[in-house]
Amino acid sequence: MTHISKTERILALSLIALGIALRLWIRLPTDLWEDEIIAATHSAQPFWQVILNSIRNDVHPPLYFLQLHIWGWLGRSDIWLTLNSVAWSLAGIYSIWRVGTLLYGARAGLFAAACLAILPVATYNADQLRMYAFLGVLLTWSFYLNVRVFGEGRRTPGLLIGHAALLIAIVSTHAIAALAVFFNGLYALHLVRGRRPLRNGLFAWLGIYGIAGLYAVPWLVAGMLHDANIGDGGGFGEFLLAIATTAIGNIAFGSPFYIAAGVSIFLALCWLIRLTGRTLALTLIFLIWPLLLSTLVTLLLKPIYKWNFFSAMEAPFIALTLALLLDQPPARRALRILVMPLLVAALTAVNIATRLTVHITSHFRDAANLIAANYRPGDVIFVPQPSIFWGMAWDLAGPDWGSTFAIAAKPSPQWLSVYRKLGPRIVEALHLMPDTQVLEKNGYRIVVGTESADQTADARRIWLVTLPRADLPRDYPPPALNGLTLQWQDKYQIWTTLYAPTPQQAVIPKRLDY
């Protein structure tokens, strides 16, 4: 470690301040998109039902939703729930600073915090109501314990138990978080190989990672009951996109310029690695091997690359790698003066561009506003897809609209088979079977489930709300529904279709301005 100059300190603190400001610059208006609605709905259930709901209605384990539920004790507004991710993102900056300082010295820690502060992926995840900012904090401290336990041989009971608990927490956060534990395990093996006696380190490694691996099995099995929506197809273009999104995040989608920028930044980082031995294993195991493994599995078996998971998993290690490259002895002064500032400037520019231009929405609020402006007594809102129903219920009936078990679509044959194996007592005790497919609140009547069209038989008009994709019947929206004919349609991502006995026109309120 070398001394932190006054100029370096000012520049690093300025980047950290910029990163904090960008995280506090929350996208407005807050219109939760589909994945965020799912997370918010899980968190609004009673505490123990959060666990059941994530197993029954989601591919992800429940830990993130449980902590979001606790956060929601102080409120369930969109902005308050979004601040949970902002808080975890700020905790991520603190964590990487603290871990970098403890492991590599004050200079590396300060640089690591500055680098994470300006990473576009980390800033993007700061106001996404998803688990990625939370996951980044867990991964950062898991890396710290890896080094302490396996790199330094500090195998006290407290550290061993804490490390195993942290790995279990990681597995409990995301459907494919077992991959993050796998790469942590590889790095731990690398650290064990460098210490003697080797046997003691291997026994500790088998114990900790064996426990985490066994714990991951039931969540992987549960995930097989769902469509994990893991990734798109393979091919060289998808591989380039994977590299770009790892480096610069969501802004790479749909733009050849940003794909090229992301790939260039990632390759520049990899080229710089050869200048120091301290970052070689770190970068190979946490940055390069995950991309290669996901690409190989995608080509040979099925797509497993999920950009937001992989980029969130790699963000702390990109920051650490950049920090260790910056923390070079004077012999590498040219590296610090010429190359690294260009890389940092590029990341900062993309970070600001991401905050200015990227805004994901499913337009639930626009669809809800449209229906609210045109709804009449006797109308029924029919939403076949469960997650789209949750979005409409959230915006029309409010965050506390009801239980996802009590008001739900009829269970699929696959889930009915699971329920038969559980037995009627358990199914009844856990309230797994829905009571109804109809939500009536705030003057609205909302019906959920593809098989629930009969619940709209007495409607004067039907508002069919759908998102065109594979989980929707092929003939939807149909030309007629329960004797009513298609009279009007709005295709604004969420499709809103009006069925009525006579020609109708709907008033479209002003769309939300993002």
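The structure reproduced in this document is the subject of the present report. (Residues numbered from 1 in each chain as written. Predicted model: local features only at pLDDT ≥ 70, side-chain atom pairs only at ≥ 80, totals over all residues. Heavy atoms only, no water.)

Within the protein, the secondary structure is distributed over 20 helices and seven strands. Taken over the C-alpha trace, the protein has a radius of gyration of 25 Å; the compact-globule value for 514 residues is 24 Å, and the two agree within 12%. Taking the principal axes of the C-alpha coordinates as reference, the protein spans close to 80 × 50 × 45 Å. Pairs at least 24 residues apart make up 74% of the contacts formed inside the protein by residues separated by at least 6 positions. (Helix = DSSP H or I, 4+ residues; strand = E, 2+ residues; numbered from the N terminus. Rg over C-alpha atoms; globule rule 2.2 N^0.38 Å. Contact = heavy atoms within 4.5 Å.)

For the rest of this paragraph, the subject is the nonpolar core. Judged by nonpolar contacts, the single largest core of 139 residues is most densely connected at Phe-143, Phe-150, Phe-309 and Ile-381. Here the element with the most residues in this core is helix H15 (residues 307-326); it accounts for 15 residues. Grouped together as the second largest cluster of nonpolar side chains are 13 residues, Val-438, Ala-459, Leu-484 and Tyr-499 included. (Core = buried A, V, L, I, M, F, W, Y, C linked by side-chain atoms within 4.5 Å. Buried < 20%, exposed > 50% of the residue type's maximum accessible area, 1.4 Å probe, protein only.)

Let us look at the packing of aromatic side chains. Each aromatic ring pair is summarised here by two numbers: the centre-to-centre distance and the angle between the ring planes. Taken as a whole and assessed by the stated rule, the structure comprises 21 aromatic pairs. Taking the centre distance of 5.3 Å and the plane angle of 40 degrees together, the rings of Phe-143 and Tyr-187 count as tilted. Of this pair, Phe-143 sits in helix H8 (residues 132-151) while Tyr-187 sits in helix H10 (residues 177-193); the two residues are 44 residues apart in sequence, bridging distant segments of the chain. The pair formed by Phe-143 and Tyr-187 is uniform in burial state, with each residue classed as buried. Between the aromatic rings of Phe-257 and Tyr-258, the centroid separation amounts to 5.1 Å while the plane-to-plane angle is 75 degrees, which identifies the pairing as edge-to-face. A relative accessible area of 60% places Phe-257 in the exposed class. Of the aromatic side chains, those joined through ring pairs into one cluster are Tyr-64, Phe-65, Trp-88 and Phe-134. (Phe/Tyr/Trp six-rings, centres within 6.5 Å; stacked < 30°, edge-to-face > 60°.)

Among the eleven residues of helix H18 (residues 386-396), nine are classified as buried, and the element is accordingly described as predominantly covered. The complete set of buried residues in H18 reads Ser-387, Ile-388, Phe-389, Trp-390, Gly-391, Met-392, Ala-393, Trp-394 and Leu-396. Positive phi shows up at Gly-398, right after H18, with a value of about 100 degrees.

So, about the sheet that holds strand E3 (residues 444-448). To summarise the sheet geometry, strands pair through backbone hydrogen bonds and adopt either a parallel or an antiparallel arrangement. Strands sit in the order E2-E3-E1-E4-E7-E6-E5 across an open sheet of seven strands; the sheet is mixed. Of all the strands in the sheet, the pair left with one neighbour each is strand E2 (438-441) and strand E5 (480-481). When E5 meets strand E6 (residues 484-492), the two strands line up antiparallel, connected through two bridges. Residue pairing for E6: Leu-481 is matched across the bridge by Leu-484. Helix-sheet contacts for H18 involve strand E1 (379-383), E2, E3, strand E4 (461-466) and strand E7 (494-500), and the interaxial angle to E3 is about 165 degrees. (Pairing = 2+ DSSP bridges. Axes fitted to C-alpha atoms, helices over the stretch in contact; angles between N-to-C directions.)

Turning our eyes to something else, we now look at the pairing of E1. Counting buried residues in E1 gives five out of five residues, a clear majority hidden from the surface. Going residue by residue along E1, you find Asp-379, Ile-381 and Val-383 tucked away on one face and Val-380 and Phe-382 tucked away on the opposite face as well. Strand direction decides the pairing type here: E1 and E4, joined by four bridges, are parallel. Note on E4: the bridge partner recorded for Asp-379 is Arg-461.

Moving on, we come to a nonpolar patch on the surface. On the surface, Trp-25, Ile-352 and Leu-356 cluster together into a nonpolar patch covering about 290 Å² of accessible area. Overall, the relative accessible area of 32% leaves Ile-352 in the partly exposed class. (Patch = residues over 30% accessible without salt bridge, like charges linked within 9 Å, V, L, I, M, F, W, Y side chains within 5 Å. Areas by Shrake-Rupley, 256 points an atom, 1.4 Å probe, with all protein chains shown as cover. Salt bridge = Lys/Arg side-chain N within 4 Å of Asp/Glu carboxyl O.)

The topology assignment puts His-174 in the loop between helix H9 (157-171) and H10. Side-chain polar atoms of His-174 contact the backbone nitrogen of Ile-176, separated by 3.1 Å. Excluding anything up to four places from it in sequence, His-174 contacts His-60, Pro-61, Met-131, Tyr-132, Lys-306 and Phe-309. (Polar contact = N/O pair within 3.5 Å; in protein donor to acceptor, adjacent residues only side chain to side chain.)

Here the amide bond leading from Tyr-476 into Pro-477 is cis, since omega sits at -10 degrees, within 30 degrees of zero. Its location among the elements puts Pro-477 in the loop between E4 and E5. In the Ramachandran plot, Asn-442 falls in the positive-phi region, its phi being about 55 degrees despite a non-glycine side chain. Not every positive phi belongs to a glycine, and Asn-482 is a case in point at roughly 50 degrees. Along the polypeptide, Asn-482 turns up in the loop between E5 and E6. The exposure class of Asn-482 is partly exposed, given its relative accessible area of 38%.

Before going further, it helps to spend a moment on the environment of Glu-8. In this structure, Glu-8 sits in helix H1 (residues 6-24). By relative accessible area, which is 18% here, Glu-8 ends up buried.

In this section: the pairing of E3. With five of its five residues buried, E3 lies for the most part within the structure. The pairing of E1 with E3 spans three bridges and is parallel. Within the sheet, the bridge partner assigned to Ile-381 lies in E3 and is Ile-446.

Let us look at the pattern of salt bridges. Evaluation of the coordinates by the stated rule reveals twelve salt bridges. Note that Glu-152 is salt-bridged to Arg-154, the shortest N-O span being 3.1 Å. What emerges from the salt-bridge pattern is a single network uniting Glu-34, Arg-469 and Asp-471.

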